[in-house]
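Coordinates in review
Take a look at the letters that make up each chain.
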Amino acid sequence: MSETSSLSKDEICRTLVELGHILEISGSSPFKVRAFANGARALENWQGDLVSLVQDGKVTSIQGIGKGLAGLIEEWVLEGESEAEEEIRSLVPESLLDLLKIAGLGPKKVRVIYEELEIESVDELEEACQENRIQSLAGFGQTSENSILKGINNLRRFAGRHLVSQARVVAQRFLDAVKSVSGVERAEVAGSLRRNRETIGDIDVLVGTLDPIPVREAFMAVEGIREVMAEGETKSRILSEEGVGVDLRVVEPVAFAPALHYFTGSKEHNTRLRQRARERGWKLNEYGLWDEEGAALPTPEEQDIFRHLDMAWIPPELREDLGELEKAADLHSRSAEWEPLISEQDVKGVLHCHSTWSDGKATLREMVQAASDLGWVYYGTADHSRTASYAGGLSIEQLAEQRAELEEIRSDFPHMTLLQGIESDILADGSLDYPDEVLAELDYVVVSVHSSFSLPRAEQTARIEKALRHPATTVWGHPTGRLLLQRDGYEIDLDHLLSVAAEEKVIVELNAHPRRLDLDWRWGRRVLELGVDIGIHPDAHSTQGLRDVEYGVAVARKMGFSSSQVTNCMNPEEYLKRLNLCHKS
DNA sequence: GCCGTTTTCGGCCCGACTGTTTTCAGTCG
Ligand SMILES: Nc1nc2c(ncn2[C@H]2C[C@H](O)[C@@H](COP(=O)(O)OP(=O)(O)OP(=O)(O)O)O2)c(=O)[nH]1
Ligand SMILES: [Mg+2]
Ligand SMILES: [Mg+2]
Ligand SMILES: [Zn+2]
């Protein structure tokens, strides 16, 4: 047993964010604070094997991580702890970080509350507000106490982010309301939703009109507003009944494109682009772009902003300051454009769908019908395997019966290529759930982890590697097992397993269920480097679930993928050939 | 703390809303 265990990349990112906040409360330079936040983000978005990176002394090769942060990271990876970290932590009590989560409380106010009243926790702050001990502090008043109490209440009930599927419903409600107002020329959802992030913090709606007042009124009249958090000339913010924040920004139509660019973000992308404008003596904000003489440059569309700055238009999904600005400048210099990203119409069919044969809600026939209605030309059923008894896993006999049913259905859907597969549990020892000859009879095999989530990293990796190397394995299902906003994925060496998948020609699933979206988009770059093929699969348990492909396509776009980089955009003939590359029968 | 095809020092995006600030700081997008 080692005395201290190395911190994982995720733990390191979380720690960097925390240290940044501690520095902020203790009054450090805002630029140093930003450096910690940027470093955390840079590391979060970097994918690969961190231990090797540290051993090779290459941590500073990550843009945004310099000598200082690299020193911390190296200590965390090699020793599991850091003196420099402890020094920072000793500046203020850790529990103050919770106070920062209260809306309206930032580092300056938290510091005053702590230093003047020795308040260290949310509970203590609540008590102090109730006893009216806050209003006497410099910079606070009676209203402050009420708004802090409200903030504490909201924090307890509605903290956290939201699934894309839920956020889209709320967003549509508000978008419809403002779009129907007369005088509204353009209206769009911006922010993380437009960038197709995997989870959504709040919803951002932009409106272009010369008549802003009725827009604000319509926005405030939408059903299900819990609280108005701000209401100004151009900006309003509410909290919905569901606990989702919605920001409204209203600008004149002439500023719609620069405002859409601003409001789409990301913040880091915006900052970098504004910096680029500034470097040439220009100014960029949400109202427009001005040259060194202060002359406004026309920007009727987003692409005009980029063009003036000598860049190709960047798809919203890629605006994360992860190298897209450099790529856009390069494309522009070669008079080239971004290759179009995949869209839903490019998907020709799917694998990995369940039916009433196991735990699905629709019959196999109903599922095939729904797939046909979506315009798909191939469809692969995959119910659970026999060990998954809790999910109605199929016995060998049932597999044969299902095959017979599929033959019957086939005759009614002559235009479709129907495939029988299985979602085989990867058993604890890495073997699959049926004898090899049974697996070989199937058209394809998805292998997934549904048990023994907490094996040590090396064991878990070896277990999955064994499954990926099985000759029948076609697809690696929901590779990390993460459930968004619920649980992290199991501990594995994903970088290694992706290279195994590439070697074995196993298709890595981009599971489109909005709770999973697994593989995470941040692995897109690595997937390309390693030559891994991905497939967008809905993991549908109902006919409605097939539509989740939309969320999978969104993630593939965020990976920057075109249709040629997704297996199930192939035509049926090519696709069958691709499946048989790895599924030996 | 990070970074560099004008820089290894001296910058680091820019603007809206709120509250108690009698002239703007803090927070947030
Ligand atoms: N220039 C600039 N733009 C910002 C800043 N903060 C936010 N924005 C822009 C870019 C963001 O995407 C957009 C909406 O802000 P949000 O706080 O809602 O962030 P976003 O939607 O990206 O993520 P979210 O899922 O809501 O946490 O506003 C900033 O500090 N500077
Ligand atoms: Mg947002
Ligand atoms: Mg927002
Ligand atoms: Zn599964």
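Everything quoted here is computed from the prediction, not taken from an experiment. (Residues numbered from 1 in each chain as written. Chains lettered and ligands numbered in written order. Predicted model: local features only at pLDDT ≥ 70, side-chain atom pairs only at ≥ 80, totals over all residues. Heavy atoms only, no water.)

1. With respect to the protein's contact with DNA strand B
- Looking at DNA strand B, there are 46 residues lining it, with Arg 34, Gly 64, Gly 66, Thr 234 and Thr 271 nearest.
- Of what DNA strand B places within 4 Å of the protein, 78% of the atoms are sugar or phosphate.
- Within the backbone of Glu 231, an N or O atom sits 2.7 Å from a phosphate oxygen of DNA strand B.
- In terms of residue class, the surface near DNA strand B is built from 15 nonpolar, 14 polar and 17 charged. (Near = heavy atom within 4 Å. Polar contact = N/O pair within 3.5 Å; in protein donor to acceptor, adjacent residues only side chain to side chain. Nonpolar A, V, L, I, M, F, W, Y, C, P; charged D, E, K, R; others polar.)

2. Here's the deal with helix 21 (residues 494–504)
- Within helix 21 the residues assigned to the buried category are Leu 494, Asp 495, Leu 497, Leu 498, Val 500, Ala 501 and Ala 502.
- Just downstream of helix 21 lies Lys 505, where phi reads positive at about 60°. (Buried < 20%, exposed > 50% of the residue type's maximum accessible area, 1.4 Å probe, protein only. Helix = DSSP H or I, 4+ residues; strand = E, 2+ residues; numbered from the N terminus.)

3. Comments concerning the sheet that holds strand 10 (residues 296–297)
- One open sheet holds the three strands; their spatial order is 8-9-10, and the pairing between them is antiparallel. Every interior strand has two partners, whereas the edge strands, strand 8 (283–285) and strand 10, have only one.
- Strand direction decides the pairing type here: strand 9 (residues 288–290) and strand 10, joined by two bridges, are antiparallel. Within strand 10, the residue paired with Leu 289 across the bridge is Leu 297.
- Across the sheet, helix 14 (residues 267–279) is in contact with strand 8 and strand 9; its angle to strand 8 comes to roughly 155°. (Pairing = 2+ DSSP bridges. Contact = heavy atoms within 4.5 Å. Axes fitted to C-alpha atoms, helices over the stretch in contact; angles between N-to-C directions.)

4. Re the coordination of the zinc ion (ligand 4)
- Protein-derived coordination of the zinc ion (ligand 4) comes from Glu 423 (OE), His 450 (NE2) and His 478 (NE2), at a distance range of 2.0 to 2.2 Å.
- Of note, the donors binding the zinc ion (ligand 4) are all from one chain and are spaced E-x26-H-x27-H. With His 450 in the loop between strand 14 (444–448) and helix 20 (457–468) and His 478 in the loop between strand 15 (475–476) and helix 21, this residue pair connects regions lying 28 residues apart in the sequence.
- Residue classification places His 478 among the buried residues on the basis of a relative accessible area of 1%. (Donors = N, O, S within 2.8 Å, 3.2 Å for Na, K, Ca; no water.)

5. Digging into the pattern of salt bridges
- As enumerated under the stated definition, the model contains 48 salt bridges in all.
- One salt bridge connects Glu 241 with Arg 226, and the closest N-O pair in it is separated by 3.1 Å. Here the residue Glu 241 occupies a position in the loop between strand 6 (235–240) and strand 7 (245–251), and Arg 226 occupies one in strand 5 (residues 225–231), the gap between them amounting to 15 residues.
- Among the residues examined, Glu 241 registers a relative accessible area of 40% and is labelled partly exposed.
- The partner of Asp 412 in a salt bridge is Arg 365, and the shortest N-O contact between them spans 2.9 Å. With Asp 412 in helix 18 (residues 396–412) and Arg 365 in helix 17 (residues 364–373), this pair connects stretches of sequence that are 47 residues apart.
- Bridged by salt links that share partners, the residues Glu 44, Arg 195, Arg 197, Glu 198, Glu 320, Arg 482, Asp 520, Arg 522 and Lys 558 form one connected network. (Salt bridge = Lys/Arg side-chain N within 4 Å of Asp/Glu carboxyl O.)

6. Considerations on the nonpolar core
- One finds Tyr 379 and Trp 476 to be the most contacted residues of the largest nonpolar core, which totals 96 residues.
- Discounting chain neighbours no more than four positions away, the residues touching Tyr 379 are Val 350, Cys 353, His 354, Leu 364, Met 367, Val 368, Ala 371, Met 416, Thr 417, Leu 418, Leu 419 and Leu 546.
- In terms of nonpolar packing, the next biggest core, distinct from the first, is built from 46 residues, Phe 36, Leu 43, Val 54 and Val 92 among them. (Core = buried A, V, L, I, M, F, W, Y, C linked by side-chain atoms within 4.5 Å.)

7. Some points on helix 20
- Here helix 20 spans 16 Å end to end across 12 residues, near enough to the 16 Å set by a 1.5 Å rise per residue.
- Looking only at helix 20, the buried set comprises Gln 460, Thr 461, Arg 463, Ile 464, Glu 465, Ala 467 and Leu 468.
- Considering only its buried residues, helix 20 is in contact with strand 14, strand 15 and helix 21. (Expected span 1.5 Å × (residues − 1).)

8. Considering the coordination of the magnesium ion (ligand 2)
- Each protein donor to the magnesium ion (ligand 2) is listed here as Asp 202 (OD) and Asp 204 (OD); together their distances run 1.9 to 2.1 Å.
- A distance of 3.4 Å spans the gap from the magnesium ion (ligand 2) to the magnesium ion (ligand 3), which Asp 202 bridges by coordinating each metal. An identical accessibility class is assigned to Asp 202 and Asp 204; each is buried.

9. As for the site of ligand 1
- As a structural note, the neighbourhood of ligand 1 is formed by 15 residues, with Arg 161, Ser 192, Arg 195, Gly 201 and Asp 202 the closest of them.
- Between an oxygen atom of ligand 1 and a side-chain N or O atom of Arg 195, the distance comes to 2.9 Å.
- In this structure, an oxygen atom belonging to ligand 1 sits 2.6 Å away from a side-chain N or O atom of Asp 202.
- Protein coverage of the free-state accessible area of ligand 1, which is 590 Å², stands at 71%. (Areas by Shrake-Rupley, 256 points an atom, 1.4 Å probe, with all protein chains shown as cover.)

10. What about the environment of Arg 365?
- Among the residues examined, Arg 365 registers a relative accessible area of 34% and is labelled partly exposed.
- Discounting chain neighbours no more than four positions away, the residues touching Arg 365 are Glu 405, Glu 408, Ile 409, Asp 412 and Phe 413.
- One polar contact links Arg 365 to Asp 412, side chain to side chain, over a distance of 2.9 Å.

11. A short note on the packing of aromatic side chains
- Going through the model one piece at a time under the given rule, you end up with four aromatic pairs.
- Summarising the aromatic geometry, the rings of Tyr 262 and Phe 263 are spaced 5.7 Å apart at their centres and angled 10° between planes, so their arrangement reads as stacked.
- For Phe 263, a relative accessible area of 11% translates into the label buried.
- Centroid distance Phe 453 to Tyr 490: 5.9 Å. Interplanar angle 5°. Geometry classified as stacked. Of this pair, Phe 453 sits in the loop between strand 14 and helix 20 while Tyr 490 sits in the loop between strand 15 and helix 21, and the two are 37 residues apart along the sequence. (Phe/Tyr/Trp six-rings, centres within 6.5 Å; stacked < 30°, edge-to-face > 60°.)

12. Points about unusual backbone geometry
- Note that the residue after Gly 265, namely Ser 266, is joined by a cis bond; omega there is 0°.
- Here Ser 266 is to be found in the loop between helix 13 (256–264) and helix 14.
- Notably, His 352 is not glycine yet its phi reads approximately 60°, a positive angle.
- We note that Asp 539 has phi near 50°; this positive angle belongs to a residue other than glycine.
- If you trace the backbone, Asp 539 turns up in the loop between strand 17 (534–537) and helix 23 (549–558).

13. What to know about the environment of Val 251
- If you trace the backbone, Val 251 turns up in strand 7.
- Judged by its relative accessible area of 4%, Val 251 is buried.
- Separated by 42 residues in the primary sequence, Val 251 and Thr 209 have C-alpha atoms spaced 6.3 Å apart.
- With residues up to four places along the chain from it excluded, the contact list for Val 251 reads Leu 206, Val 207, Gly 208, Thr 209, Phe 256, Ala 259 and Tyr 287.

14. Brief notes about the domain arrangement of chain A
- Per the domain assignment, the segments making up chain A are domain 1 (3–89), domain 2 (96–157), domain 3 (162–251), domain 4 (276–333) and domain 5 (344–579).
- For domain 3 versus domain 5, the distance between C-alpha centres works out to 36 Å.
- Taken together, the 10 residues of domain 3 in the interface contact 14 residues of domain 5.
- Interface area, domain 3 with domain 5, both sides summed: about 1,100 Å², of which 58% is carbon and sulfur.
- A per-residue breakdown of the area domain 3 buries against domain 5 is headed by Leu 163, Asn 196 and Glu 198, which together make up 50% of the total.
- Summed over the shared surface of domain 3 and domain 5, the result is two salt bridges.
- The partner of Arg 168 in a salt bridge is Glu 550, and the shortest N-O contact between them spans 2.4 Å. (Domains from an automatic or database assignment. Buried area = accessible area lost by both parts, 1.4 Å probe.)

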